[in-house]
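Structure at a glance
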Amino acid sequence: MRIRTIALLLILFGMLVGFNFAHAQNAPEASEKGKQVYENSCAHCHGIEGRGDGSAAENLLPKPRDFTRGLYKIRSTETGQLPTDQDLFDIITEGMPGSSMPPWDTALSANDRWEVVAYIKTFYDGFKEAETPPKQINLSGKVPYAEQSVETGKALYTELGCVECHGDVGRGDGTSAPDLTDEWGFQSWPANLTQGWNFRGGSDTEDIFKRFIGGLAGSAMPAFEGDSFPGFGLTAEESSRMIELDNKDEMTEAEEEESAQLYEKYDAAVDIAVNLAEGTELSAEEKQIYDDAMSVVYEKSWHLANYVKSLMPEKRPEPAIGNNVLRSQYIQGELPEMDDAAWETLEASYFPLVGQVVIEPRQFNPTIDAVNVKSYYNDTEVAFLFIWDDRTHTTDETDEETGKTLEDALAIQFPVKVPQGPTAPKPYFLWGGRLPVYLWHWKASAPDQVTELTAKGINNAGVQEAQGELQAQGTYTNGQYKLWVKRALKTDDKKDLQLESGVFVPIAFSAWDGANGDVDTKRVMTSWYTFVLEPVPSSKRFIYPPLIALLSVGFLFGLRAFVQRRNSEEA
Amino acid sequence: MKSYLLASLAILLACCFVGTAFAADSGSGEMEMLVFPEAYKAMKVNNGGTISGVVKFEGDVPEKAALEITKDEKVCGADPKFDESLVVGEGNALKNTIVYLIDISAGKDFDEKAKTEIDQKGCKFTPHVQIVPVGARLTMLNSDKIMHNVHIFSKINKPVNKAQPKARRKMPLKAVKKAEGPVEVKCDVHGWMSAWVSYVPHPYFAVTNEKGEFTLEDVPAGEYKLGYWHEACGTNSKAPVAVTVEAGGTVTQDFTLKMK
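Residues numbered from 1 in each chain as written. Chains lettered and ligands numbered in written order. Predicted model: local features only at pLDDT ≥ 70, side-chain atom pairs only at ≥ 80, totals over all residues.

Let us now look at unusual backbone geometry. Following B:Thr126, the chain continues into B:Pro127 via a peptide bond in cis, with omega recorded as -5 degrees. By secondary structure assignment, the location of B:Pro127 is in the loop between β6 (125-126) and β7 (129-133). Omega for the bond connecting B:Gly181 with B:Pro182 falls within 30 degrees of zero, at -5 degrees, which places this linkage in the cis form. Here B:Pro182 is to be found in strand β12 (residues 180-187). Residues other than glycine seldom take positive phi values, yet A:Asn478 does so here, at roughly 45 degrees. Mapping A:Asn478 onto the fold places it in the loop between β12 (471-477) and β13 (480-488). Looking at A:Asn478, the number of C-beta atoms within 10 Å reads 12, which means it is exposed. At B:Asn47, a position not held by glycine, the phi torsion is positive, near 55 degrees. Classification of B:Asn47 by C-beta neighbours within 10 Å gives exposed; the count is 11. (Helix = DSSP H or I, 4+ residues; strand = E, 2+ residues; numbered from the N terminus. Buried ≥ 20, exposed ≤ 12 C-beta atoms within 10 Å, placed from the backbone.)

So this is what it looks like as structure tokens:
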């Protein structure tokens, strides 16, 4: 009896575990249902046959994945391996930030998502042919985030050449960035590592580690498999010695011998790694060499992941609404110049940009994430600092299709007249309409100049005849533009916006990335936000309230005296 | 009324056919590939014949324009670099043409001593066209002491996208299992670098030298189709040249290629 109960429990337990495992690792067999869900929800972009050529694909970049080649960017598996079912399920569920792939967690039930996983696997035979499950990246040796680790990672960032594409401080502005293509020949921009919220597969340290070790298959990002590391198979000391010797202009005989020996060890370890990749069985000794080498590689990779993590804020900044509205700060005396340290102490307000998709030509694939703004004002003037990331510095490039000149630019938009009250109509956000807008237009080719425009529509803007005395200064360093603008609060020009402390003023932005084909209406922009010259609490607050309090008290005393006197008279 | 319906249906169907026909046509405009035999058996070849010849270019040779070196000028820009998609030498000799046997099913084995390397020197791949036996490793050399990134755009085999940091002088790549090619080799760090690699199942492939010359040796006596591939001039896969090789004999077959 007892044995039977135990056996029954065991079977039940086994079923439960089996069921869970199936759901965690294996999608169901491809079914009619999966096909149906795929064709309803996925085929518009990914194509009926999974070639990434659906009707919407033409306008998208990054392009929708072509499922027929088995190349998946976001995986928990090693280089050259297929993704696990869970990887595919997670991507469908969470979407890919910074691309057109939305999360499907609410639009599709979990069951439907598993059905789709099974269905997209039918587009590539490799899934069926695979004899063993894909090899997952080992995350067990995680190095905790610490200053020392970040420092080590920073050195590796240069040593391994990350800087060539991702740039000196990680803004995706490396010198090789503009030329990169993916496996299908489409433009492939390197990630801006300071904007973790746009990472396709998440920006946890583990995510970064996995992308680095496993590579983003199909994109221009290479995999840093073990043997890509200089000095693979050497200890940390040996590999730095090897590099040190390498960098010498001349070596003594002894040094040459030393270098040759290190290289021999290095080459031998590489040979083992390639043998393993080709499927050769390793001897116990070889396995030991390989494992030792990989543990050095994995440790270094964790340092690098920690460094990349250090480049980004903890989370995406909140947009400039509610408490985060852009508040220009009052100061007495001269407003700070562009390089003044006073700007460092101000928090920036974050204005996320989106592609302009209302009017042809549209921009479906924005490359500029946001513009960050700081502002000071004094009794007569206001100064702004606009900061935005752009991977390329484009001042004069010709668009092959239209023959138009492409260049980086920014426009700051205000209404000509501030709407009176929160419900009063604002001009149309696309550069005005019936109600006109007032614009500051800046171009990278003339960085120290801002042109004032008046517009009554996105294709109906004109340069103001009377250009006021706007001062401007623009710079581009390490993938980032900074534009400083200063203007008088009040001007004589009726077409200009007049500014007054304490009044909420609508503000909006347009930006152009020439290298992304942005020109005219093809641009990124915001709708209306608000900014205000933060009123200074008046110094009169130290006079009037006490005075009124004093008067009130006096009045009460007087009243009391009066009542007392009347009462005594009546008595 | 019914006939109208039928007629419109017919027209619609016709449109569909024409549409698909055009679609199929546009697909074939892609890079032209080599043709490989379905199976190949290695054996000892006694008293084989030789096929040799010269490949020449016909037409106006575009002026050599130096490539724009956009980074690492010290290493990459030491001497001028030129586009190598069409290298025409003295007497219109056409370099970098692959000449090969399309339909050979048995013949000699690969020469094991043959080096299958591509060097990255002065930010240029040498050679520009390389033949690698299926199952052999292609070794990437880095003589530059700067970072390169080897990106091989294979479609049948897994593409390779592998960083080769500066201390990585010699990087053997995993052997591939399937015949394919030519596929382009690029360096993502230096966008102008380009080469072609072919993974082949038999050793009867030759690449023309500066003089446009090629030689295929130890060919078993028999009749063969002789094919060529050139980056800018395309292939003759649809109409290869028939050659008859006699035991111990030599066949001469020259080609004259035009821009495709």
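This part covers the confidence of the model for chain B. All names here are of chain B. Per-residue confidence for chain B gives a mean pLDDT of 88, with 88% of residues at or over 70. Within the model, pLDDT remains below 50 along residues 12-29, and this stretch shows zero contacts once partners closer than five positions in the same chain are excluded. The complex model carries a pTM of 0.85, and its ipTM stands at 0.78. (pLDDT = per-residue confidence, 0-100. Contact = placed C-beta atoms within 7 Å.)

Next up on the list: the pairing of strand β9 (residues 437-443) of chain A. Residues and elements named next belong to chain A. Counted residue by residue, β9 has five buried out of seven residues, so it is predominantly covered. In the sheet, strand β8 (residues 409-415) pairs with β9 via seven bridges, with the strands oriented antiparallel. Bridge pairing in β9 places Ala-409 opposite Lys-443. Strand direction decides the pairing type here: β9 and strand β10 (residues 450-455), joined by six bridges, are antiparallel. By the bridge assignment, Tyr-438 is partnered in β10 with Thr-454. (Pairing = 2+ DSSP bridges.)

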